[in-house]
Amino acid sequence: DAGVIQSPRHEVTEMGQEVTLRCKPISGHNSLFWYRQTMMRGLELLIYFNNNVPIDDSGMPEDRFSAKMPNASFSTLKIQPSEPRDSAVYFCASRDSNQPQHFGDGTRLSIL
Amino acid sequence: GESVGLHLPTLSVQEGDNSIINCAYSNSASDYFIWYKQESGKGPQFIIDIRSNMDKRQGQRVTVLLNKTVKHLSLQIAATQPGDSAVYFCADKNTGFQKLVFGTGTRLLVSP
């Protein structure tokens with residue numbers, strides 16, 4: 001049973017570059033969540049989708065961040081342009097109705 | 001200067017002891033509660049959940065207790081093992097909303 005799959009696992013890039021993080025939710029799950037985890041702020045919800053539709057993006061820090069879910073099996077989180085303060089671990093999670101969220105193992109992002 | 005991050009409370013126990021990890025929540029309208037375990041380099045892993053119509057739920061070696069009067073949640077781990085060493089997060093949410101609100105976490109250290 002494949003869990004939530006995120007890629008890449010690690011990303012190191014220079015500030016100003018575009019960063020794209022990818023997520024494949026568990027098959028059959030209808031909700032998808034993007035989180036950011038830092039030492040300073042803990043685990044923060046950025047955005048979530050229901051049936052591929054963005055429902056709440058109030059956690060997205062600013063316009064440099066965008067997320068898409070073109071189909072039920074794929075989502076991206078994009079940062080353009082990236083800044084050093086975006087360095088964090090980004091998690092994707094998915095769930096089926098009334099079931100717990102299941103998390104991927106995250107993408108560790110370092111912006112130099 | 002030295003960066004200031006979230007202070008993670010730490011619980012240190014001996015292998016074989018029982019562990020109790022506590023969590024306070026603030027939203028009196030929350031009716032769903034969940035515990036996650038996060039090991040280093042991995043995403044949060046679901047342990048156990050409980051709805052507000054219950055005050056206790058048991059799993060394998062774990063028990064969650066809910067006291068709605070004082071808005072308190074606890075996770076009990078029986079016969080703690082070194083593999084239980086991790087950061088444990090509680091989270092809560094309100095029916096009708098999909099957003100989980102995560103606590104800051106507690107680090108559990110189990111020594112042999």
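Definitions and cut-offs
Residues numbered from 1 in each chain as written. Chains lettered and ligands numbered in written order. Predicted model: local features only at pLDDT ≥ 70, side-chain atom pairs only at ≥ 80, totals over all residues. Heavy atoms only, no water. 1 Å grid on protein atoms, 1.4 Å probe; cavity = no way out; pocket = protein on both sides within 12 Å on 5 of 7 lines; lining within 4 Å. Points joined across faces, edges and corners; volume = space filled by probe spheres on them. Helix = DSSP H or I, 4+ residues; strand = E, 2+ residues; numbered from the N terminus. Nonpolar A, V, L, I, M, F, W, Y, C, P; charged D, E, K, R; others polar. Contact = heavy atoms within 4.5 Å. Buried area = accessible area lost by both parts, 1.4 Å probe. Salt bridge = Lys/Arg side-chain N within 4 Å of Asp/Glu carboxyl O. Polar contact = N/O pair within 3.5 Å; in protein donor to acceptor, adjacent residues only side chain to side chain. Buried < 20%, exposed > 50% of the residue type's maximum accessible area, 1.4 Å probe, protein only. Pairing = 2+ DSSP bridges. Axes fitted to C-alpha atoms, helices over the stretch in contact; angles between N-to-C directions. Phe/Tyr/Trp six-rings, centres within 6.5 Å; stacked < 30°, edge-to-face > 60°.

Caption draft 1: Molecular detail of the layout of surface pockets. The volume enclosed by the largest pocket comes to roughly 630 Å³. Around the largest pocket, the lining comprises 31 residues; the ones closest to its centre are A:Gln37, A:Met39, A:Val89, A:Arg108 and B:Gln38. Among the secondary structure elements, those contributing two or more residues to the lining of the largest pocket are β4 (31–38), β9 (88–95) and β11 (107–111) of chain A together with β8 (86–93) and β10 (106–111) of chain B. Split by residue class, the lining of the largest pocket holds 12 nonpolar, 13 polar and six charged.

Caption draft 2: Highlighting the interface of chain A and chain B. Residue-level contacts link 23 residues of chain A with 20 residues of chain B. A buried area of about 1700 Å², summed over both sides, lies between chain A and chain B, and 53% of it is on carbon and sulfur atoms. Counting the contacts that link chain A with chain B gives one salt bridge. Note that B:Lys99 is salt-bridged to A:Asp56, the shortest N-O span being 3.5 Å. The interface formed by chain A and chain B includes four residue pairs in polar contact (both at pLDDT 80 or more). Of all the elements in the fold, those that place two or more residues in the side of chain A that touches chain B are β4, β5 (42–50) and β9 of chain A.

Caption draft 3: Seen up close, the pairing of β11(A). All names here are of chain A. Here β11 shows a clear split, with Thr107, Leu109 and Ile111 buried on one side and none of Arg108 and Ser110 buried on the other. In this sheet, β11 lies alongside strand β2 (residues 10–13) in parallel orientation, the contact comprising four bridges. When the bridges of β11 are listed, Val12 appears paired with Ser110. When β9 meets β11, the two strands line up antiparallel, connected through three bridges. Pairing of Val89 across the sheet is with Arg108, part of β11.

Caption draft 4: Expanded view of the sheet that holds strand β8 (residues 74–79) of chain A. Residues and elements named next belong to chain A. Ordered in space as β1-β3-β8-β7, the four strands form an open sheet in which the pairing is antiparallel. Each of the sheet's edge strands pairs with one partner strand only, and the pair in question is β1 (5–7) and β7 (65–71). Pairs of neighbouring strands in the sheet enclose a mean axial angle of 15°, with direction left out of account. The sheet contact formed by β1 and strand β3 (residues 19–24) spans three bridges and is antiparallel. Paired with Ser7 across the two strands is Arg22, which belongs to β3.

Caption draft 5: The arrangement of the packing of aromatic side chains in detail. Summed over all chains, the structure comprises 11 aromatic pairs over all chains. With a centroid separation of 5.7 Å and 90° between ring planes, the pair formed by A:Tyr35 and B:Phe102 is classed as edge-to-face. Highlighted residues: A:Tyr35 in strand β4 and B:Phe102 in strand β9 (residues 101–102), drawn from two different chains. B:Phe102 carries the same exposure label as A:Tyr35, and that label is buried. With a centroid separation of 6.5 Å and 75° between ring planes, the pair formed by B:Tyr36 and B:Phe46 is classed as edge-to-face. Taken together, the residues span a long stretch of sequence, with B:Tyr36 in strand β3 (residues 32–38) and B:Phe46 in strand β4 (residues 45–51) at a distance of 10 residues.

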